[in-house]
Amino acid sequence: ITTGATGTMPVAVAGLARQGSVRSATHAARSTATHLVDTLALDDRSQPLGAHLLALNEGKPDVIIIAGGHEHGPTTAGRRLADLIGLYARHTTNKPLVIFAGNSDAAEQVRERLGEAASVEVTDNLLPEPNRPRLEPTRAYLRRVYRERYTTQLPGAERLTSLSGQRLGNTI
């Protein structure tokens, strides 16, 4: 059973390079029932970081995807992105879920830097090697979060699930 009655989940993307990790994270997010409220790339100086923090505050994302860094490369970008997202998360009442889909060597550092500011889930790196995106683990996690947070909240969803024997999906 599918439904389009639940709307879309607000998501933000933060990554190292606009044409690399940010592009991959954006593709992963847009292939699920989401709408992007902001994209932040460390290599893009066209907007000050304060503008991104304001966009996050306005868009109130339920999920923020942090992506960046090839596997076993430098971890500086992941830590810096975690610091920026942590700054937002510590000053909002809408605590986002952070999906870290970057260099796995930085995952624990990202968790530590975000601390209690946001819940962090780690998925496989979206761009483990240059020009070799791996979108499905992040897509699957976004679909799961959407199902848990949105689809199950629909009036009658539990009854439909029990009648059909299948969980609800969405048409978006």
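Residues numbered from 1 in each chain as written. Predicted model: local features only at pLDDT ≥ 70, side-chain atom pairs only at ≥ 80, totals over all residues. Heavy atoms only, no water.

Caption draft 1: Quick look at the overall build of the chain. Helix and strand counts for the chain stand at six helices and seven strands. When the helices and strands of the chain are read in sequence order from the N terminus, they spell out β-β-α-β-α-β-α-β-α-β-α-α-β. Out of the 172 residues belonging to the chain, those deemed buried represent 44%. Of the contacts formed within the chain by residues at least 6 apart in sequence, a portion of 71% connects residues at least 24 apart. On the chain, roughly 8800 Å² of surface is accessible, and the fraction owed to carbon and sulfur atoms is 49%. (Helix = DSSP H or I, 4+ residues; strand = E, 2+ residues; numbered from the N terminus. Buried < 20%, exposed > 50% of the residue type's maximum accessible area, 1.4 Å probe, protein only. Contact = heavy atoms within 4.5 Å. Areas by Shrake-Rupley, 256 points an atom, 1.4 Å probe, with all protein chains shown as cover.)

Caption draft 2: Molecular detail of the sheet that holds strand 4 (residues 63-67). Taken in spatial order, the five strands make up an open sheet running 3-2-4-5-6, and their pairing is parallel. Each end of this open sheet is capped by a strand with a single partner; those strands are strand 3 (34-41) and strand 6 (119-122). Strand-to-strand twist of the sheet, defined as the mean angle between neighbouring strand axes without regard to direction, takes the value 20°. Against the sheet, helix 2 (residues 49-59) makes contact with strand 2 (9-15) and strand 3, and its axis sits at roughly 165° relative to strand 3, the strand it touches most. In the packing of helix 3 (residues 76-89) onto the sheet, contacts are made with strand 2, strand 3, strand 4 and strand 5 (97-100), and the angle to strand 4 comes to roughly 160°. (Pairing = 2+ DSSP bridges. Axes fitted to C-alpha atoms, helices over the stretch in contact; angles between N-to-C directions.)

Caption draft 3: Spotlight on empty space enclosed by the protein. Summed over all chains, the structure comprises one cavity of 30 Å³ or more. Estimated volume of the largest cavity: approximately 30 Å³. Along the walls of the largest cavity sit Ala12, Val13, Ala14, Asp38, Thr39, Leu40, Leu56 and Ile85, which together make up its complete lining. Grouping the constituent residues of the lining of the largest cavity by class yields six nonpolar, one polar and one charged. (1 Å grid on protein atoms, 1.4 Å probe; cavity = no way out; pocket = protein on both sides within 12 Å on 5 of 7 lines; lining within 4 Å. Points joined across faces, edges and corners; volume = space filled by probe spheres on them. Nonpolar A, V, L, I, M, F, W, Y, C, P; charged D, E, K, R; others polar.)

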